[in-house]
Protein chains: 2
Amino acid sequence: MKIKRSERLIDMTHYLSEHPRELVSLTFFANRYASAKSSISEDLVIVKDTFENRGIGSLQTVPGAAGGVRFIPGISKGQAEESIQVLSEQVSKSDRLLPGGYLFMTDILGDIHLMNHVGKLFAGAFANEQIDLVMTVATKGIGIAHAAARYLGVPVVVARRDSKVTEGSTVSINYVSGSSKRIQTMVLSKRSVKQGARVLIVDDFMKAGGTAAGMKNLLEEFSATVAGVGIFIESEQESEERLVEDYISLLKLRSVDEKGKTIQLETGNYFNRVSSFLKQ
Amino acid sequence: MKIKRSERLIDMTHYLSEHPRELVSLTFFANRYASAKSSISEDLVIVKDTFENRGIGSLQTVPGAAGGVRFIPGISKGQAEESIQVLSEQVSKSDRLLPGGYLFMTDILGDIHLMNHVGKLFAGAFANEQIDLVMTVATKGIGIAHAAARYLGVPVVVARRDSKVTEGSTVSINYVSGSSKRIQTMVLSKRSVKQGARVLIVDDFMKAGGTAAGMKNLLEEFSATVAGVGIFIESEQESEERLVEDYISLLKLRSVDEKGKTIQLETGNYFNRVSSFLKQ
């Protein structure tokens, strides 16, 4: 049975959204809808235009027999500004302040909608890069890593503080936490990163950058390349240098006033570091 | 500028996929596309039919001034069988066998595509239930929890083994691990679960069920209700009773043969416990 264009467009959109960065052949769609490749090509032009107009992403066409289309999720500058605004409003709520000036972030890191914003921002920032893996360290960054990985269509690997029997052989490093100056351990399963893999490191918070630097060192043991570092919130560092220089951050924590119950936030370096946005 | 139907259908599909179980008013779409509500209604009929035909989910219409549509991701029986087959093939690969008969699962739990299958299976199983939260315990179940929560459109909460300063006040319980009979601790931030919340508990593995029972006990402290328990892989239990009886599992581990390097898997109780599938 031949499938109508409207049905094809709806199913195609859903399929491509669920398979970001995956090369899908025209034959696949032609068989799926029992339609001619020429019709599929026309459909894809409509999908491409809409994705670009709406700031959903771009559709890359790969010509030739082994070709097809690939959906690259992206973000427009306006959407990125909006997303960062939404995140900022949530993070700056004064009831997040915990004794000692810590921020309660658990609800944000478990909020699927907010994590979608974070994931899209990171995926948009690295839309033109080859990324093979997203890496984070247990536990708090895992939601961010999964959100980014979903839009990038790549796996997540999670470094741990301790080695577990279910990880198989592991590689472990010691690193110095930048802010507390304590020596800490980070462990990654040997099987989880292939040599030469291009890895996007993400984390929820960065102070001096010790943890991010630790992840970089760990990846060196795997002969993997750091393709980028994405931080949800960085904190203002006055005196000290950061251990990681090349990163993008969505938000920057300027100050917390425990007595006055205020949290001062500003936009991170995202817009200074990210140059390619979707038009909108 | 008026937007063409094809563009509306594509953007609507994308929007609804990104906002599962959220009530979206017709006015929202009418404004978004500068189109009449009657056109939007017609669009939604097409989207609904396609979602149902293609096993993507259903579109609930809520009538009245405060009404709108709600996309409920679902799964057809055929798709569920296919997904479980894909997962089974991955889990049963003999190179997963670790010394002691443990299974290396880290790559599977970090694989976005496989986690999408797991998430859709759990969301499909609870498509007709009110779910407010997905809960798991750190660390391995977090990817599963995020995947399920994404299709259910609800937040994730993660219980921890230890209390951290960034969790604020916490509630902690001791429980007996069913298989090792050791006393363990589980901690959950006080703010993370509201009284009366209906919670879906998920985990990657269940042996005697001690951890799942622990999560149930912890939720009792919050006066929350367990709406369901979803387990990726349960292991065969011969002599002992399980500490949790009411759960769904995707796969069941029958046996591992370390010497012969074989892993015997079968389908879990999913199809016995889940009754409502999308037609297809």
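Residues numbered from 1 in each chain as written. Chains lettered and ligands numbered in written order. Predicted model: local features only at pLDDT ≥ 70, side-chain atom pairs only at ≥ 80, totals over all residues. Heavy atoms only, no water.

Before going further, it helps to spend a moment on the nonpolar core. Counting residues in each nonpolar core, the largest one holds 92 residues, and the members touching the most others are Phe232 and Tyr270 of chain A together with Phe232 and Tyr270 of chain B. Once residues within four sequence positions are removed from consideration, Tyr270 of chain A is found in contact with Ile75, Ala80, Ile84, Leu121, Gly124, Ala125, Ile248, Ser249, Leu250 and Phe277 of chain A. (Core = buried A, V, L, I, M, F, W, Y, C linked by side-chain atoms within 4.5 Å. Buried < 20%, exposed > 50% of the residue type's maximum accessible area, 1.4 Å probe, protein only. Contact = heavy atoms within 4.5 Å.)

On to the sheet that holds strand S3 (residues 68-73) of chain B. Residues and elements named next belong to chain B. Taken together, the three strands give an open sheet; going across it, the order is S1-S3-S2, and neighbouring strands pair in antiparallel fashion. Each edge of the open sheet is held by one strand with a lone partner, namely strand S1 (23-24) and strand S2 (57-62). Here six bridges tie S2 to S3, and the two strands are oriented antiparallel to one another. Residue pairing for S3: Leu59 is matched across the bridge by Phe71. Helix H1 (residues 5-18) contacts S1, S2 and S3 of the sheet and is inclined by roughly 65 degrees relative to S3. (Pairing = 2+ DSSP bridges. Helix = DSSP H or I, 4+ residues; strand = E, 2+ residues; numbered from the N terminus. Axes fitted to C-alpha atoms, helices over the stretch in contact; angles between N-to-C directions.)

Let us look at the domain arrangement of chain A. Residues and elements named next belong to chain A. Taken domain by domain, chain A comprises domain 1 (5-73) and domain 2 (77-277). Centre-to-centre, using C-alpha coordinates, domain 1 lies 32 Å away from domain 2. On the side of domain 2, twelve residues touch domain 1, which itself brings six residues to the contact. Summing the contributions of domain 1 and of domain 2, the shared interface buries around 590 Å²; its carbon and sulfur component is 39%. Considering only the surface of domain 1 that becomes buried against domain 2, Pro20, Arg21 and Pro73 emerge as the three largest contributors, covering 76% of it. At the surface where domain 1 touches domain 2, the tally comes to zero salt bridges. The interface formed by domain 1 and domain 2 includes five residue pairs in polar contact (both at pLDDT 80 or more). (Domains from an automatic or database assignment. Buried area = accessible area lost by both parts, 1.4 Å probe. Salt bridge = Lys/Arg side-chain N within 4 Å of Asp/Glu carboxyl O. Polar contact = N/O pair within 3.5 Å; in protein donor to acceptor, adjacent residues only side chain to side chain.)

Another aspect to go through is the packing of helix H6 (residues 112-125) of chain A against helix H7 (residues 142-152) of chain B. Running from amino to carboxyl end, H6 of chain A crosses H7 of chain B at an angle of 105 degrees, the nearest separation of the two axes being 10 Å. Judged on the interaxial angle alone, H7 of chain B and H6 of chain A are roughly perpendicular. Where H6 of chain A approaches H7 of chain B, its residues Ile112, Met115 and Asn116 of chain A are matched on the opposing element by His146, Ala149 and Arg150 of chain B. (Parallel < 35°, antiparallel > 145°, perpendicular 65-115°, else oblique.)

Attention shifts here to the interface of chain B and chain A. Across the boundary between the two partners, chain B contributes 57 residues, which contact 57 residues of chain A. Contact between chain B and chain A buries roughly 4,900 Å² in total, counting both sides, with carbon and sulfur atoms accounting for 59%. Linking chain B with chain A are four salt bridges, by the criterion used here. Here Glu7 of chain A and Arg54 of chain B are joined by a salt bridge, their closest N and O atoms 3.5 Å apart. Between the two partners, chain B and chain A, sit twelve residue pairs in polar contact (both at pLDDT 80 or more). If you list the elements that add at least two residues to the side of chain B that touches chain A, you get H1, helix H3 (37-53), helix H5 (106-109), helix H6 (112-125) and H7 of chain B. Considered class by class, the residues forming the side of chain B that touches chain A number 25 nonpolar, 18 polar and 14 charged. (Nonpolar A, V, L, I, M, F, W, Y, C, P; charged D, E, K, R; others polar.)

Looking now at unusual backbone geometry. Going from Ala138 of chain A to Thr139 of chain A, the amide bond is cis rather than trans, its omega being 5 degrees. Looking at the secondary structure, you find Thr139 of chain A in the loop between strand S3 (133-137) and helix H7 (142-152). In this structure, Ala34 of chain A is a non-glycine residue whose phi angle is positive, near 45 degrees. Within the secondary structure, Ala34 of chain A is located in the loop between helix H2 (26-32) and helix H3 (37-53). Judged by relative accessible area, which is 47%, Ala34 of chain A ranks as partly exposed. Of note in this structure, Ser223 of chain B is not a glycine but carries a positive phi near 50 degrees. Note on placement: Ser223 of chain B falls in the loop between helix H8 (210-221) and strand S9 (225-235). Note on Ser223 of chain B: relative accessible area 41%, which makes it partly exposed.

With that settled, the discussion passes to H7 of chain B. Taken across its eleven residues, H7 of chain B has eleven buried, putting it largely inside the fold. Of the residues making up H7 of chain B, those classed as buried are Ile142, Gly143, Ile144, Ala145, His146, Ala147, Ala148, Ala149, Arg150, Tyr151 and Leu152 of chain B.

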